[in-house]
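Fold and contact review
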2 protein chains.
Amino acid sequence: MSLEITSANKGFGGWTKHYIHQSSTLSCDMRFAIYLPPQTANGQKVPVLYWLSGLTCTDENFMQKAAAQRMAAELGIAIVAPDTSPRGADVADDEGYDLGQGAGFYVNATQAPWNRHYRMYDYVLNELPDLIQETFPVTAERSISGHSMGGHGALVLALRNPERFRSVSAFSPIGNPVNAPWGQKAFTAYLGKDQSSWSDYDASILMRKAQGAVPALVDQGEADKFLVEQLQPETLETASKTSGYPLTLNRREGYDHSYYFIASFIEDHLRFHAKHLST
Amino acid sequence: MSLEITSANKGFGGWTKHYIHQSSTLSCDMRFAIYLPPQTANGQKVPVLYWLSGLTCTDENFMQKAAAQRMAAELGIAIVAPDTSPRGADVADDEGYDLGQGAGFYVNATQAPWNRHYRMYDYVLNELPDLIQETFPVTAERSISGHSMGGHGALVLALRNPERFRSVSAFSPIGNPVNAPWGQKAFTAYLGKDQSSWSDYDASILMRKAQGAVPALVDQGEADKFLVEQLQPETLETASKTSGYPLTLNRREGYDHSYYFIASFIEDHLRFHAKHLST
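So, a few notes on the structure that sits alongside this text.

About the cut-offs
- Residues numbered from 1 in each chain as written.
- Chains lettered and ligands numbered in written order.
- Predicted model: local features only at pLDDT ≥ 70, side-chain atom pairs only at ≥ 80, totals over all residues.
- Heavy atoms only, no water.
- Helix = DSSP H or I, 4+ residues; strand = E, 2+ residues; numbered from the N terminus.
- Buried < 20%, exposed > 50% of the residue type's maximum accessible area, 1.4 Å probe, protein only.
- Contact = heavy atoms within 4.5 Å.
- Lys, Arg positive; Asp, Glu negative; His and termini not counted.
- Charge placed at Lys NZ, Arg CZ, Asp CG, Glu CD.
- Least-squares fit on C-alpha atoms with pLDDT ≥ 70 in both.
- Buried area = accessible area lost by both parts, 1.4 Å probe.
- Salt bridge = Lys/Arg side-chain N within 4 Å of Asp/Glu carboxyl O.
- Polar contact = N/O pair within 3.5 Å; in protein donor to acceptor, adjacent residues only side chain to side chain.
- Axes fitted to C-alpha atoms, helices over the stretch in contact; angles between N-to-C directions.
- Parallel < 35°, antiparallel > 145°, perpendicular 65-115°, else oblique.
- Left-handed = near helix turned anticlockwise from the far one by under 90°.
- Nonpolar A, V, L, I, M, F, W, Y, C, P; charged D, E, K, R; others polar.

1. Focus: the overall build of chain A
Broken down by element type, chain A carries nine helices and nine strands. In terms of its C-alpha atoms, chain A occupies a principal-axis envelope of roughly 50 × 40 × 35 Å. When the 279 residues of chain A are sorted by exposure, 63% land in the buried category. Residue pairs in contact within chain A that sit at least 24 positions apart in sequence constitute 72% of those at least 6 positions apart. The centroid of the 23 positive side-chain charges in chain A is displaced by 4 Å from the centroid of its 30 negative side-chain charges.

Now the structure itself:
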């Protein structure tokens, strides 16, 4: 498996590193970032938090703006942040910021032209963790988190694969994409007009019928301009009440959709995950 | 005095805000950022830390990448981050990243064409603090910090105006610009070939003959690619020994010139400033 390091910056005694590798799942080169906390310097293995970013983001935004490394270093957790879609000149794209490159929605596309590369669900669930575990000093323990489109991805991956994740959290997730403009546009393109296939990628539908239960924490800013139309956190609250799902959802007065919101509460999320991981 | 807000994001209970105003000192529109900690919400006045960024930066880098808001909120300190030079279509510029727009070096230029707009020393010392104090709930107490070119600027401003600042700190400052390529290029353009005027903008020369003494903290990464040729922290150490200047200079193994380094030690710097400010 090819793997090339493109940058390494020391921080809080550990290292933020960026890599590029050939993804067999996505059939293109993919970038990802990893923060390795100082505990790994002498070979200690640490659990991994996967972070899924939102629309238009890359492997860089979280590492530069979320201020997560301090607590990851203190708690002894590695963080892996993949890019948000396949990329490249031969990868299908769209003029909109909310479809195509930068907007993979963490699904396995079934429709042309998207189905050739857009398999972010499989990539994040299988290929990337396998590569991380083969390459870095990490244990098999994983949790997952994300923002907006990535919050949707984190919830869907954890709800569908409760045996693979110890905990899940999200900032400002798209709670019910089958009923939100972002989700409807993306799912129509990637999954087709037949909406029966969409529910496998809808966190509130999955949470309503969840069997296994990965503990979930969600933070949502009340001044988020996408709150009412796109995010709909009340759909997650209703679903968790229906199924008794262990969800804690905090609404934060005055906070918006930006990384300033994420930075303000990332410590809470990392401490939440640390409770469920062996650190 | 015109003043227009361009963005506001809540963070750690306070607000990161960006403004644009017409600067009479620089004869152009200028942007700056301010973080107002939560203590100011009910009218409490807080002291201000001025942050001067490095080459190519704007008013955005520090607020997005330094992870400073958490400690500023805890300690009750406002942070003001100006842009790094005058800007605009009619403002003189250069093709190099290290001269002209984005590279004001915090001097008052005396040479054409630079002397029309490039007066960052006066702007940071006088016009900007006056505006901040008139506009926001802050006290007259100030400290100053910065990175690289901005670390040079912070040290020079504090060394020349000890009555105006309670403390000064710097990450990776240009310690002796009259003997470094960045400084020589900028000072030749802005101040002219006669080097007698340069020493007023050289931190190690000023520290060697300092009378008043603003307590100083410097952090320098040992893996910084600019360390030997451009930054020369040993010139500050020698100067402080000569004059007995209260300088603490930490060399940090493995750290580079990036914001990952700044984020790792910004808490130390904010706690240092808080000791010297009434918080």
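2. Section: the relation of the copies chain A and chain B
With an RMSD of 0.0 Å, chain A superimposes on chain B once it is rotated by 180° and translated 0.0 Å along the axis. Taken together, the rotation angle and the small translation identify this as a two-fold axis. Both copies contact each other with a shared surface, as 100% of the interface residues of chain A are interface residues in chain B too.

3. A short note on the interface of chain A and chain B
With 25 residues of chain A at the interface, the matching set in chain B holds 25 residues. Around 1,900 Å² of area is buried between chain A and chain B when both sides are counted, 48% of it from carbon and sulfur atoms. Ranking the residues of chain A by area buried against chain B places K10, Q64 and Y260 of chain A at the top, with a combined share of 36%. Counting every contact that joins chain A to chain B gives two salt bridges. The partner of E253 of chain B in a salt bridge is K10 of chain A, and the shortest N-O contact between them spans 3.3 Å. The tally of links from chain A across to chain B stands at 11 residue pairs in polar contact (both at pLDDT 80 or more). At the level of elements, β1 (4–11), β2 (14–23), α1 (61–65), α2 (69–75) and α9 (259–276) of chain A are the ones that each hand at least two residues to the side of chain A that touches chain B. For the side of chain A that touches chain B, the element with the highest residue contribution is α9 of chain A, accounting for five residues.

4. So, the packing of helix α3 (residues 120–135) of chain A against helix α4 (residues 149–160) of chain A
Helix-helix packing: each pair is described by the crossing angle between the helix axes and the interaxial distance. Residue and element names in this part refer to chain A. Two elements in contact, α3 and α4, have axes separated by 11 Å at closest approach and are oriented at 60°. Between α3 and α4, the angle falls in the class oblique. Here α3 and α4 pass one another in a crossing that is right-handed. Residues Y121, V124 and L125 of α3 form the contact with α4, whose participating residues are V156, L157 and R160. By residue class, the composition of the contact of α3 with α4 is five nonpolar, no polar and one charged.

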